[in-house]
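What follows is the residue order along each chain.
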Amino acid sequence: MAIINLKINGKAHSVDVEEDTPLLWVLRDHLGLVGTKYSCGIAQCGACTVHKNGEAIFSCVTPAASLTEDKITTIEGLSENGDHPVQKAWAEVDVAQCGYCQAGQIMNASAFLKKNASPSMEEIDEAMNRNICRCGTYHKIREAVAMAAKSK
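As the structure is a prediction and not an experimental result, all values here were calculated from the model.

J.: What is the right way to look at the environment of His-30 in this model?
T.: Topologically, His-30 is positioned in helix H1 (residues 23-30). According to the relative accessible area criterion, His-30 is partly exposed, its value standing at 43%. Sequence separation of His-30 and Ile-141 is 111 residues, and the distance between their C-alpha atoms is 31 Å. His-30 has contacts with Val-15, Asp-16, Val-17 and Trp-25, leaving out every residue within four places of it along the chain.

J.: For this particular structure, what's the right way to read the side chain of Thr-36?
T.: Residue placement: Thr-36 occurs in the loop between H1 and strand S3 (49-52). Relative accessible area serves as the criterion here: at 1%, Thr-36 is assigned to the buried category. Filtering out sequence-adjacent residues up to four positions away, Thr-36 remains in contact with Leu-24, Leu-27, Arg-28, Ala-47, Cys-48, Thr-49, Val-50, Ser-59, Thr-74, Ile-75 and Glu-76.

Parameters and conventions
- Residues numbered from 1 in each chain as written.
- Predicted model: local features only at pLDDT ≥ 70, side-chain atom pairs only at ≥ 80, totals over all residues.
- Heavy atoms only, no water.
- Helix = DSSP H or I, 4+ residues; strand = E, 2+ residues; numbered from the N terminus.
- Buried < 20%, exposed > 50% of the residue type's maximum accessible area, 1.4 Å probe, protein only.
- Contact = heavy atoms within 4.5 Å.

This is how it looks when you write it as structure tokens:
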């Protein structure tokens, strides 16, 4: 076990975990931040997406020990009141059905829009392709990302 110091959602945290413990399990099991979801565990679905210094990463395969110098943002830290443009568009378009992929989709979309504020529909499709929606609401996801881009 090792003491690992992390900066998550603007706060410093110290956790005592194995060095290869994925960030996902630190977030959920040690810090009680359960908005980030576990689904595949092999970086194939995107449900576990968080930001590392503003970039979308898969927390299920990223060792927490590799992130000691980084700023991590989870869905809980994306906005204080759920008023990030992507979150607002998500609600307006009524994207969620089961909602399981929602946090990962929102985190991926918000990181993407930070890099590309005026994406084409094709660019949205390409960027969001790394996240799977079991309910198949891809048309609503696409619409919400486009709406968020226009609202910025």
